[in-house]
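Chains, contacts and geometry: an overview
What follows is each chain in one-letter form.
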Amino acid sequence: MSEQGASASPFQQWLDLCLGAAASTVDAVPSGGTDEIASRLQKEARLHFESLSQPKPPGTVDASKSSTPATPRTASSTVQQDLSHASSATPNGALASLVSALGPAVTSPRWDARGRALFCLLGALEGCNSLTQGVRQAVGQFLAGLCRPVRRDEEDNGGEGGDAPMEYVDGANLAPEEVTKQLQEMQQQKAAKQSNGSSTHFAADDVRDAAVAALAALLRAKLEIFPTQQSPSPASTPLSPLGEALGVVRQSMELRLELATLGVRHRCRGDPSDPANGSSGMWGGGGAGYETGEAEANVADGLSQLPRAKRSMCFHLLDGALDGLEKDESKWRKLRLQIASSAEEAENASAPISLVKSMAAFASLASSCMHGETDPRCLLQLLRLLNKTQRVMMPLFDSNDGDENGAKFPSVDVFDAVAPYYPVHFTPPKNDPHGITSAMLQDALMAVLCERGVDCASLPNQSRQSTDQGEEETMIVLAARMFLERLEPPKSSEYDPPSNGSESEVDDKLDAVRDLSSLLLPPSSPKNGAPDSSMSGLNVARLPPSFLSELSSSLARVHEEAVSSDAKSLASAVRKLSSSLAHTLEHATTALWEAFVVDILRHLSPILGTAPQGMHGRASTAYLASLAAEGGVTTLNKVLEGCFPRFLGVLSLLDSANNSTEEGANGKSSQQMQRDEEKMAAAMRGVAALVSSCRVALQQHERENEGVQVHPHPLSPYISDTILKVTFILNEPLGEDEIGPLPLAAVGALESILTAADLSGLGEEDVASLDKTFSLMSSALFDGNESQCKNIDEWRTACARVLGAVIALGMCQDDSAASNCDTMNAMATSLLPDILASSTSPDSSSSKLNGIRYDWMILSRACANGTAPVSELIVSEILSRMIVAPQSGGTDPKASARALAYLVRHGGPKVGTAFHGLSSGPSDLIQVLCEPPTQLAADSSMDVSGVREKMATNQIGVGLSTLQLPESRAKDEEEALVTIERAYTILPFLIPLYQCPSSSSSCGSLVQFVDQVLPPLSKWDGVKLCVSFPLLAAVLENNRAWKADDTATRETLRSMIPFLAQYAVSSDQDAHSRSAAASCLSSILFHSNADEGFDGVQSVKKILQEVVHPAVAASVASLEKELLGDESTPRASARQAKASVESLQSSFQDAIGFLCLLGSISACKGGGYSQTGDLIASFLMELACTGTSQFPFSDTTIQLPTPSEQGKKHPILDPASQAYVIPASAFGSMLSVQNGGPFWRQRLTHKTLPVLLKALKVQATSQDPPALGILAVVCHMLCCLPSSLLGKSNVQQILPTLVAGLVYYAKNLDALARSEQISTKPMEVLSIILAALVKTLNVSPKDVTKFVGIIIPSLLLLCSPSEVSEAYVPKQLLVFQCLETVAAHPHARNAVMREKDHVVAVLSAAVDHPSIIVRNAVVQVRNVWCTLA
């Protein structure tokens, strides 16, 4: 078969499908109409052309090239070249053949035939990877023509051109035979029209839409330069192959833009035969000679009449052209690089004016589509289209800047199109299937306004060109002005609040600040402080100096307004934006930086020397200090130069006061009485702000420049004069009644100077002044004199911060950081010993003033401001004194422990690092806490230096010589108890040291210490565990301890699991220590992973079987034996019997609590642990509801003592009934754990709720009050689980039990108080009842509507018990909360109003309660009920 025949074979089949001529072909099409036929054609064509576009395997010979000789190059057009050289075996040749083959279908009078043919062509274009310029031009013109509107008469005729069907026959001048013939033709035309109209699913607009889609696919395909780039250039051709290829690419770019524009214009035009569309008719043109412009230019009007889907297709066509243009641009740039060295082709290196104008017209057309668009889907599509237009086209405009006639990118048109949509106020409808949000629209809009993604490296020169009328209006300038108008509306216009009404004016301005930041400071802005090549690409560098000066002034005004209106968030955001802009512009051109920084500094600085205390002065101080802090070193120096002399000028009055000796009232000199303290205090605060800003700026500079420091120090010219003025104020006597604002401001400035300035160049006079000041401060803090002077606490706190800075500065051993003055070291050395001695002594008048420990505050500030060696020195000294204190028998070690706890909370992370970094300090401390008093007495001769030597050598006495035999067992136990009690007074203050992140470094040594004494073999092993378990539990709670790569420590911890479990359930051990051991076990199980070879599931099972099960069984057996003992017990021993039962219940509770811990860990970890958690939860639920359950992983059944009949009638008085509360509370504890994944509670509820519902059904048949176990379970589930998890029907089933329990307690509360119950279980159940009721009334009040008439009287009985008890106060507060909530019940208005008088009367009687908390609650609730109407 010939090549043409082979290629025509599938095309003929497709043609038959389009025309519907072959019955067999039509029958093969799936049922569903011509839409499925079109889809099939599109799919087959796409697959066929994709196969043609695939690269051929090596060795394959193109049939066309082997059989047809090469055609010599001629000067013919590109279209003729491509069509003549194209083979039908290539996508280009096959596409040309397909267009020719589908000609009969495209010209068919049937719309369905045309539509199918275009869908087939669409599939072919989607399968083509690349097309030649000639093929694209020919097919593109063909498709663009099909986008034209169809005349109404042609559409009525089914698509056939020519005359419209005849509606009547004019019989004049016709023979009868001719009249009959014309009538028959008219009937045939009508029948054919009806037949075609009834069978087609296509209309004229559908065919045009298919042409638009096909044109978009055509424009999206890449350009194949064939055969120009692959053929040698003849001698007569003036251009080389690369030059001719560059010309083809230019033609392709222009063609894409032209076809896209033409397609959109044609699709937006209406019926030309319609007079409304401007076509000529019987009565002339639509405008009758008064047309306002070309009909094809009015795209927006035609576009607005199209449905949303068809508008979207037009935008898709423009997007396809941009995709193809982007590919051509990449190829064009590569060709430019290849020919850049050729002088003869240099003129071809720039984009021609025709291409630039075509791009400008395309961008204007795309922006005009935005006008009037309201559909969010189309808006999002258009905004992304415009941003892509900017990214693709704007870099090409710069290559034509040198041409005087060069077109400019229509940024103004784009801005005018998108500006009406700013800011975006859009609320998507409920269940929006499209997922378009306001944030998506805002982001797309900001992308256009910010020209996001545009390669701006070559744009600044263009953007700063000016026209005759002034600066050029670029997108960045226009957008910045719009944002600025939103931030600071012009005074001449009334400010409109945000249109959506959901945000305040401050929030609206905050959005404007964020938008300005996004526009001018994109995330890609450099932060390393060094100028680079990309700096010119930042949008802020494209602004003209005049606008930057205007922007800076506007930001300063907005900041002042925000400060005056106390809008702190807005003021902070403005300062952050201005400092970031200054920092960025510092690395741009000098003119831009000066316009933004120098101009505003020149405007704001004068007020600092005249009225710094006013609103304008304070706002200016804050604004300029922020610029200095984060604006870069250049900005810092400029701000210091402009502001510091002015502040010092305000303080110059102090220079004349040095010579004044006259005193007035209250010990003040005449100069003190005459000076303006507010003004001078404002100037002093300004000095402090500038000094602090200098410290921040220098730290930022060191981070950005790899530790390079600035020299000389920016504060060097001002530091001496500043210190003299500050110390002069601080050395003056304080006021007797009040400390004024000036001394407070001066002490703050001194702290800033000590932490920021370089003091190495101070003179003798400056040092003497500082020495005197520090001595006065120390005396004020440690003289022990209480004072009622106003602001004295604030003054002393500031002095403590200064002394802390002195110690941090003087004791620093890093010369490059802060140790720059030998005098400061001497001052710190003299201060530190006294402060350490005071901080490690108990509270006294000298160390504690007005309840505040200023000595601890000084040390914490020293640790926070100083380097690591300072913290190490302070911590080691305190730890040494703490170790010496128990041995010397003098100083209480608790004071040192409290000091360490304060330091770790307020001294920064270096404190914890210093403590755990000591070679043996923590271990020595634990060893001392574990030593008996007799051993401490033997070591009483050791002083602080000896302890330091011991800590340094890390030598602890071992061997037989250290062993001591106890004098007696009783005395040994007594000493152990004394040691534990002493340790428990210190451990609460040491635990924060082991909770800090750096405690992970001590984990290994602490684990080794515990491992040596676990299990305990003596009383003193138990003492060591009592001391070490709480500390180990604190360390293991730190996630860093588990992230450390210490396999040996983790292995040791896992080996301790069985011993920890045995220790935790042993009643012979201390309760606090057992709790800490259980916490350690919980952390080990929770953080251990199976990938480390640890089978946690089996470990938990083993613990349950070997440890927990025996403990639970033994405790239940003992409790049952005690409860079912001889009933003839004498009355005198009843109290002892109750105490015994309480002790046995406590043992049972400990075992069940440990079981609950294992269940919580298993439930939260999930996976293989889930089954264990389910079994434990089910066991607890069954035990609480029925008293009988099979123990997990065991065949043994645990059965609680069965309450007697009398006990069932009065469960709160029955010990057997109270035992059921224990497993119920354990189950509630499992549900209340805040850890694990989101579904484990749902799983436990699904497993256990049926047990509860079954028990409720059984209870409903009884006349007895609710069993305490069932009642407690109900309340715990209501408290811990959301109503949605329980289910509405289940909530309604369990609520009657809650209400019944409330009523029962209300009636029997007095009986419970008279029974002298030792057990707290009944009152615990009452607390959980009230808590569940509070939640239900607030979360689902409708469910308790029918019970309100019962709930209110019960609450009144509970709020006024016969016997007042302090332990009952929390229950009363819950009762009052319920009464306050039920008063606002939305569904029980009648029941509430019926009880109003009774409630007010009862509450009035409760106003005289002895507890002030209860009285306040009663008054509040009574007011709520009294105001009901």
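That block above? That's the structure.
Remember, it's a predicted structure, so these values are computed and weren't measured experimentally.

Our next topic: the overall build of the protein. Helix and strand content of the protein: 65 helices and six strands. Within the protein, the fraction of its 1429 residues that count as buried is 50%. The long-range fraction of contacts in the protein, counting pairs at least 24 apart against all pairs at least 6 apart in sequence, stands at 77%. Split by element, the accessible area of the protein, about 64500 Å² in all, is 51% carbon and sulfur.

Attention shifts here to the nonpolar core. Membership of the largest hydrophobic core comes to 414 residues, with the highest contact counts inside it found for Leu449, Leu1252 and Trp1425. With sequence-adjacent residues up to four places away left out, Leu449 is seen in contact with Phe415, Val418, Tyr422, Met475, Ile476, Ala479, Met482, Phe483 and Leu519.

The next subject is the side chain of Ser1162. Along the chain, Ser1162 falls in helix α51 (residues 1134-1165). We classify Ser1162 as buried; its relative accessible area is 0%. Contact partners of Ser1162, with chain neighbours within four places excluded, come to Val1100, Tyr1169, Ser1170, Thr1172 and Gly1173.

To continue, consider helix α24 (residues 568-585). Over its 18 residues, α24 runs 26 Å from end to end, which matches the ideal 26 Å to within 8%, given 1.5 Å per residue. Inspection of α24 places Leu570, Ala571, Val574, Leu577, Ser578, Ser579, Ser580, Leu581, Ala582, His583, Thr584 and Leu585 among the buried residues, and these make up the whole buried set.

A surface patch of nonpolar side chains, about 260 Å² in accessible area, is lined by Leu1373, Ile1412 and Ile1413. Locating Leu1373 in the fold gives a position in helix α62 (residues 1369-1383). For Leu1373, a relative accessible area of 30% corresponds to the partly exposed category.

This part takes up the packing of aromatic side chains. Enumeration over the complete set of coordinates arrives at nine aromatic pairs. Seen from their ring centres, Tyr422 and Phe483 are 4.8 Å apart, and the 45 degrees between their planes marks the pair as tilted. In this pair, Tyr422 is assigned in the loop between α18 (411-418) and α19 (438-449) and Phe483 in helix α21 (residues 475-487), connecting sequence segments 61 residues apart. Across the pair, exposure class does not vary: Tyr422 and Phe483 are buried alike. Positioned over the ring face of Phe1086 is Lys1165, at 5.7 Å from the centre of the ring.

At the junction of His711 and Pro712, the peptide bond is cis and its omega measures out at 0 degrees in the coordinates. Within the secondary structure layout, Pro712 lies in the loop between α30 (677-704) and α31 (719-730). Here the amide bond leading from Leu1014 into Pro1015 is cis, since omega sits at 0 degrees, within 30 degrees of zero. Its place among the elements puts Pro1015 in the loop between α44 (1003-1013) and α45 (1019-1036). Of note in the backbone geometry, Glu451 takes a positive phi value of approximately 50 degrees without being a glycine. Along the chain, Glu451 turns up in the loop between α19 and α20 (460-463). At Glu706, a residue that is not glycine, the phi angle is positive and equals roughly 55 degrees. Checked against the element boundaries, Glu706 lands in the loop between α30 and α31. Judged by its relative accessible area of 79%, Glu706 is exposed.

Two elements in contact, helix α8 (residues 111-127) and helix α12 (residues 204-220), have axes separated by 9 Å at closest approach and are oriented at 15 degrees. Looking at the two axes, α8 sits roughly parallel to α12. Handedness of the crossing formed by α8 with α12: left-handed. Here Trp111, Arg114, Gly115, Leu118, Phe119, Leu122, Leu125 and Glu126 of α8 come into contact with α12, specifically with Ala204, Val207, Ala210, Ala211, Ala213, Ala214, Ala217 and Leu218. Grouping the amino acids of the contact of α8 with α12 by side-chain chemistry returns 13 nonpolar, one polar and two charged.

Helix packing for two helices is described by the angle between their axes and how far apart those axes are. Running from amino to carboxyl end, helix α26 (residues 615-630) crosses helix α27 (residues 633-650) at an angle of 145 degrees, the nearest separation of the two axes being 8 Å. For the pair α26 and α27, the sense of crossing is left-handed. In contact with Thr621, Leu624, Leu627 and Ala628 of α26, α27 contributes Thr635, Leu636, Val639, Cys643 and Phe647. When the residues that make up the contact of α26 with α27 are grouped by side-chain class, the tally is seven nonpolar, two polar and no charged.

It is worth spelling out helix α38 (residues 893-906) at this point. Here α38 is 14 residues long and its end C-alpha atoms lie 20 Å apart, about the 20 Å a rise of 1.5 Å per residue gives. Summarising burial for α38: 10 of the 14 residues are buried, a large majority. Buried within α38 we find Pro893, Ala895, Ser896, Ala897, Ala899, Leu900, Ala901, Tyr902, Leu903 and Val904. Where α38 terminates, the next one or two residues include Gly908, which has phi positive at roughly 90 degrees.

Time to look at the pattern of salt bridges. When their charged atoms lie close together, side chains carrying opposite charge are able to pair. Under the criterion given, the structure shown has 35 salt bridges. A salt bridge links Asp209 to Lys310, with the shortest nitrogen-to-oxygen separation between them at 2.3 Å. Of this pair, Asp209 sits in helix α12 while Lys310 sits in helix α15 (residues 308-339), and the two are 101 residues apart along the sequence. Given a relative accessible area of 7%, Asp209 falls into the buried group. Residue Lys310 is classed as buried on the basis of its relative accessible area of 17%. Of the charged contacts, one joins Lys509 and Glu505 as a salt bridge, the two residues approaching to 3.5 Å between their closest N and O atoms. Separated by four residues within a single helix, Lys509 and Glu505 lie in helix α22 (residues 505-520), roughly one turn from each other. Judged by relative accessible area, which is 41%, Glu505 ranks as partly exposed. The network of salt bridges with common partners includes Arg486, Asp508, Asp511, Arg514 and Asp515.

Analysis parameters
- Residues numbered from 1 in each chain as written.
- Predicted model: local features only at pLDDT ≥ 70, side-chain atom pairs only at ≥ 80, totals over all residues.
- Heavy atoms only, no water.
- Helix = DSSP H or I, 4+ residues; strand = E, 2+ residues; numbered from the N terminus.
- Buried < 20%, exposed > 50% of the residue type's maximum accessible area, 1.4 Å probe, protein only.
- Contact = heavy atoms within 4.5 Å.
- Areas by Shrake-Rupley, 256 points an atom, 1.4 Å probe, with all protein chains shown as cover.
- Core = buried A, V, L, I, M, F, W, Y, C linked by side-chain atoms within 4.5 Å.
- Expected span 1.5 Å × (residues − 1).
- Patch = residues over 30% accessible without salt bridge, like charges linked within 9 Å, V, L, I, M, F, W, Y side chains within 5 Å.
- Salt bridge = Lys/Arg side-chain N within 4 Å of Asp/Glu carboxyl O.
- Phe/Tyr/Trp six-rings, centres within 6.5 Å; stacked < 30°, edge-to-face > 60°.
- Lys NZ or Arg CZ within 6 Å of the ring centre and 35° of its normal.
- Axes fitted to C-alpha atoms, helices over the stretch in contact; angles between N-to-C directions.
- Parallel < 35°, antiparallel > 145°, perpendicular 65-115°, else oblique.
- Left-handed = near helix turned anticlockwise from the far one by under 90°.
- Nonpolar A, V, L, I, M, F, W, Y, C, P; charged D, E, K, R; others polar.

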